[in-house]
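# Secondary and tertiary structure notes
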Amino acid sequence: MRRPKRPLFLARAPYRRRRLRDAARLLPVLGAFLLLLPLLWAPESRMSLSSGDVIYFFSVWLLLIGLAAVFASGLRSGDGTDEEED
Amino acid sequence: MPFNLLVLACFLYVAFLFTVAFVVEGRAAKGRLGWLRSPLVYTLSLSIYCTAWTFYGAVGYAARSGLEFLTIYFGPTLVFVGWWWLLRKLVRIGRQHRVTSIADLISSRYGKSNTLGVIVTLIAVVAATPYIALQLQSVVLSFGVFASAAPDGSRPLDPGQIAVWVAAGLAFFTILFGTRNLDAREQHHGIVTAIAVEAVVKLVALLAVGSFVVWGIAGGVAEVIARIDAADLAAWQVAPGRWTGITVLSAAAVICLPRMFQVMVVENEDEGHLARASWAFPLYLMAMSLFIVPIAVVGLERMPAGANPDMFVLTLPLAEGRGGLAMLAFLGGFSSATSMVIVESIALATMISNHVMIPLWLRLRAGAAEDDLRQVVLMARRLAIAAVLALGYGYYHVSGGSAALASIGLVAFLGVAQVLPALLGGIFWRGATRTGAILGLVTGLVVWAYTSFLPSFGPGAVLPEAVFAEGLLGFGWLRPLSLFGTEAMDPIIHALFWSMALNVLAFCAGSLLTFPGPVERLQGAAFVNVFEGAVGPQRWARGRAEPEALLGMAQRILGEELALPLFQSEARAQGKEGFLPDPTPGFLDALEARLSGSVGAATAHAMIGQLVGRATVTVEDLMAVASESAQILEYSARLEARETELTRTAGALREANEKLMQISLQKDAFLSQISHELRTPMTSIRAFSEILTEGDLPPDLVMRYGRIIHDEAKRLTRLLDDLLDLSVLENGAVQLTVGLASLQGMIDTALTAARATRPEREFQVIRDLPSETIYLKTDADRLTQVFINLISNARKYCDAARPELRIAVRHKGGRVTVDFVDNGKGIAKDSQALIFEKFSRLTDANRAGGAGLGLAICREIMQNLGGSVAYVPGQGGAAFRVTVPLRLETLAA
């Protein structure tokens, strides 16, 4: 099916909405990076448990949840105005 | 804690769940769900991801492998915060196509193939059975903890008996609320709400135990941190491969687990709920794992060596004498196990009944069109639920609650993850085909069974020990735990790597090499482009289906109370009375969608196909749509071109009309003028001739008057000559005397002749004589006439103080141009279009006797000579360009 022609440039509000979607798509990538990062800290490719690690993981977790919450409200309110898929 | 009290609490809790489900079902029947359809309930229902394995097992996992247990939650967290990628599309597809299970989704995507439905069902059942057994085992174990903790130890507890009772109770609950009715969409409000309640119970229980451990036993957060650092770390080591692999595995599982798919996609009420769950569900997971590490550390420290760390959640409070807290923890674990089993068995029962039992039934009883299929489907569901639970129990019984069960969680995850390539390929890649999906799924299933599922029973149990040591049939590279010689890998990572790699390979190769059928391509486009609205042609051409037969079939599946209104509204929409609409393609599509919500896409498709009696859409239909849309595009392009052409023509017409109006005005003006022109000489001729007839006039006066009369008569003649000349030229009846003549000579003659016009003005003429030495083959007299006219006009109208006339001759490509440019102020732009019209004269200020015919005559002459005369703007004055051919080709006639 041929796609309908879409405008090349957008006004401010739709532009922001689209970037928000980009951010929502990038979030799991950021999450995967942060959650795999500690593997590089471990000596001899092995990792042992310390309280610092526990705190690190839970902080990253909270960060991801917070960002997802911020994005979700924006994505939901922007939904339906223009049903695009890219 | 008295054991009876525990059983009583259990019964009370279950009764409470029954009440919740019952009340909610009642409200749903009345359509008053209200807040029960909120994102909160949706998010909480997703918590069936956390089974008893995570409730009890996470602590044990942490005690054995340190932080690795977190990866089980990280995968789902990443999938949910990345909901915009995948889950959003999955939910949209599920809603749009009334998907009833993950097997239905796969089958529907790949051309409503029931074969695929059966394969996915098989994978799901095989993977889920040990998992259900694990839940039963956890309940039995937790009962056992209390039994052994009882002071008198009087009650000898048979674990098998408990397992039977639990399985039977769960089956009863699930059948009661899971198969109450055959919904248009497979939704179960009562069960979902009960699951949400259980989610709260298990969270509260775990948080309560955790808080007790941190603040009650350890003495605060700082203490706990100190203990974590002080704990023996030797065993707590994680290999990066496992860390990454299990994260990926749990991410795949959260998408593909039948129970997750059931609550996430099938039971979804509103896509907006998913946005909320995208952060709320990870938050729930985080809360669930917040106290795991403290419980594990404190448990290891406090409990006697050899205590089962899987039961720390229960044994720690019991050891500290907190019976109430232990009871709460027990209920939490019980909730985790029951909610998982309930939803899993509903999801599996839907798959089994829609993809295995109903197709079989329809095939076996092809003639029996009159039975109420609803009852059959419901009965099939009930049997399937009972069968699933019986399988789980059987597995538990056979495995004897061995320690092998503990590791079955990841094995089951890996089993359902085999669906992932077909699922992702199906919704993101239009090129994925049915054959590819079948190949991928079967390959994945076989490799998974060989490298992970069967070895999980232990060497010698299913696979002989010789196979482990020497490989299948003695092929060393076929050893189940080191396929192709990969010896260094962790078993689960080894199985993950090989099963997924070979699965994806088979899937892609199969898809690339095969050609999909028309329904498959249609479904592929509809799934991949789900956000772009309706795609493709309707699935049914207008067939031979009898409306009555269709109604009969719909009634069998939907029931009379739903089917009749559906048909009636369609009939009304078609402008017909009664209940029997025409079987239009659109109606057949809508009916199929409605039926597939109850019995799955493949069965609904097959049933309608039976009545319609022909293959549905064909490749030709698809191509027709493609060429149709191409035609529409071309047609609209043509329309557009046509429209611009019309606009242009309309503009030209408007211009022409304006010109005509002006000319008509000019003509009127000229008529009045010519009468004036004719009248002025006539008046003076009459007056002077009257004076002459009176006689007695001095001879010199007679002579003067005579000359005046003569002049006026000449003027009249000239005017009439011009008019005649013009009419002759216009009619093309002019006689040309064509001969060779020098251009220079003609210009000389013209300059001399034109000197008669306003002889008092001194005119400077600028010429370039060498360029004028051209001999033309033309009518020299006529051309000279044009030159005279142009030069005279310049003499007449040039208003410069020191008038100049520049004559420039150019010769190019068989044509000669002669420019006459003066240094006056030229001709106004809006008049330029009119000066060559007849009777036009720009200003009356300089009218020197002409009648406004000069330039019109020039134009006609030039046309007759095969050339043209035009006004050239922007030359610093009035500029006329005469173009003549070097050689005038006289017509043969």
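The structure presented is a predicted model; accordingly, all values stated were derived computationally and were not measured.

Another point: the overall build of chain A. Summing up its helical and strand segments, chain A has two helices and one strand in all. Secondary structure elements of chain A, listed N to C terminal, follow the sequence α-β-α. Here chain A holds 86 residues, and 20% of them are scored as buried.

In terms of helices and strands, chain B carries 34 helices and eight strands. Over its C-alpha atoms chain B spans a radius of gyration of 50 Å, topping by over 25% the 29 Å that the globule rule assigns to 893 residues. Along the first, second and third principal axes, the C-alpha atoms of chain B reach 175 × 70 × 60 Å. Across the 893 residues of chain B, 46% fall into the buried class. Restricting to contacts in chain B with at least 6 residues of sequence separation, those with at least 24 account for 80%.

Residue and element names in this part refer to chain B. Within the chain, R98 stands out as a residue other than glycine whose phi angle is a positive 50°. Considering the arrangement of structural elements, one finds R98 in the loop between α6 (87-96) and α7 (102-109). Residues other than glycine seldom take positive phi values, yet K112 does so here, at roughly 50°. Among the secondary structure elements, K112 is positioned in the loop between α7 and α8 (114-149). You can call K112 buried: it has 28 C-beta atoms within 10 Å.

Below, the discussion takes up the confidence of the model for chain B. All names here are of chain B. Confidence along chain B averages 82 in pLDDT terms, with 90% of residues attaining 70 or more. Considering only residues more than four positions removed or in separate chains, one finds that residues 844-848, a stretch of pLDDT under 50, has six contacts. Across the interface, the model reports ipTM at 0.88; the global pTM reads 0.73.

This paragraph deals with the packing of helix α32 (residues 780-797) of chain B against helix α34 (residues 854-864) of chain B. All names here are of chain B. Axis separation between α32 and α34 bottoms out at 10 Å; the angle between their running directions is 150°. It follows from the interaxial angle that α32 and α34 lie roughly antiparallel. For the pair α32 and α34, the crossing hand works out as left-handed. Of α34, the residues touching α32 (which contributes R782, Q785, V786, N789, L790 and N793) are G854, I857, C858, I861 and M862. Of the residues belonging to the contact of α32 with α34, the class tally is six nonpolar, four polar and one charged.

On to the nonpolar core, then. Residue and element names in this part refer to chain B. I106, C256, I295, V313, V416, V419 and A554 are the most contacted members of the largest nonpolar core, which has 228 residues in total. Looking at this core element by element, the count peaks at 20 residues for helix α17 (residues 323-364). For A554, the contacting residues outside a window of four places in its chain are A563, L566, F567, L591 and L595.

Judged by how many residues are buried, helix α16 (residues 312-319) of chain B sits mostly within the fold: seven of eight residues are covered. Along α16(B), the positions that sit buried rather than exposed are F312(B), V313(B), L314(B), T315(B), L316(B), P317(B) and L318(B).

Below, the discussion takes up the pairing of strand β5 (residues 804-812) of chain B. All names here are of chain B. Judged from the four bridges that link them, strand β3 (residues 764-767) and β5 form a sheet pairing that is parallel. Bridge pairing in β5 links V765 to L805. Where β5 and strand β6 (residues 815-822) come together, eight bridges link them in antiparallel fashion. In the sheet register, R810 faces β6, and the bridge partner there is T817. Hairpin connection, β5 to β6: the antiparallel pair is bridged by two residues, and G813 has positive phi, about 55°.

Time to look at the environment of L331(B). All names here are of chain B. With respect to the element layout, L331 can be found in helix α17. Accessibility expressed as a C-beta count within 10 Å gives 21 for L331, which makes it buried. Considered as a pair, L331 and L6 are 325 residues apart in the sequence and their alpha carbons are 9.4 Å apart. Discounting chain neighbours no more than four positions away, the residues touching L331 are A9, Y13, V201 and A205.

This part covers the sheet that holds β5(B). All names here are of chain B. One open sheet holds the five strands; their spatial order is β3-β5-β6-β8-β7, and the pairing between them is mixed. Of all the strands in the sheet, just β3 and β7 (868-871) have a single pairing partner and so form its edges. Between one strand and the next, the sheet's axes are offset by a mean angle of 15°, whatever the strand orientation. Across the sheet, α32 is in contact with β5, β6, β7 and β8 (879-885); its angle to β6 comes to roughly 20°.

Residue and element names in this part refer to chain B. By the element assignment, T737 lies in the loop between α30 (699-731) and β2 (739-742). For T737, a count of 9 C-beta atoms within 10 Å puts it in the exposed group. It is 8.8 Å that separates the C-alpha atoms of T737 and R782, two residues lying 45 residues apart in sequence. Excluding anything up to four places from it in sequence, T737 contacts D779 and D781.

Residue and element names in this part refer to chain A. In the predicted model, chain A carries a mean pLDDT of 76, and 72% of its residues have values of at least 70. Per-element mean pLDDT across chain A ranges from 56 in strand β1 (residues 47-48) up to 88 in helix α1 (residues 12-36). Note that pLDDT drops below 50 for residues 80-86; the model gives that stretch four contacts with residues more than four away or on any other chain.

For the rest of this paragraph, the subject is the packing of helix α31 (residues 743-754) of chain B against α32(B). Residue and element names in this part refer to chain B. Where α31 contacts α32, the axes come no closer than 8 Å and their chain directions differ by 45°. Here α32 runs oblique to α31, going by the angle between their axes. Note that α31 runs across α32; the crossing there is right-handed. Facing M746, I747, T749, A750, L751, A753 and A754 of α31, the residues of α32 in contact are A780, L783, T784, F787, I788, I791, S792 and R795. Its residues placed into classes, the contact of α31 with α32 shows eleven nonpolar, three polar and one charged.

Residue and element names in this part refer to chain B. Tracing the backbone shows T121 in helix α8. Overall, T121 belongs to the buried group, with 27 C-beta atoms counted inside 10 Å. Sequence separation between T121 and I102 is 19 residues, and the spatial gap between their C-alpha atoms is 8.6 Å. Filtering out sequence-adjacent residues up to four positions away, T121 remains in contact with A103, M351, I352, H355 and V356.

The rules we used
Residues numbered from 1 in each chain as written. Chains lettered and ligands numbered in written order. Predicted model: local features only at pLDDT ≥ 70, side-chain atom pairs only at ≥ 80, totals over all residues. Helix = DSSP H or I, 4+ residues; strand = E, 2+ residues; numbered from the N terminus. Buried ≥ 20, exposed ≤ 12 C-beta atoms within 10 Å, placed from the backbone. Rg over C-alpha atoms; globule rule 2.2 N^0.38 Å. Contact = placed C-beta atoms within 7 Å. pLDDT = per-residue confidence, 0-100. Axes fitted to C-alpha atoms, helices over the stretch in contact; angles between N-to-C directions. Parallel < 35°, antiparallel > 145°, perpendicular 65-115°, else oblique. Left-handed = near helix turned anticlockwise from the far one by under 90°. Nonpolar A, V, L, I, M, F, W, Y, C, P; charged D, E, K, R; others polar. Core = buried A, V, L, I, M, F, W, Y, C linked by C-beta atoms within 7 Å. Pairing = 2+ DSSP bridges.

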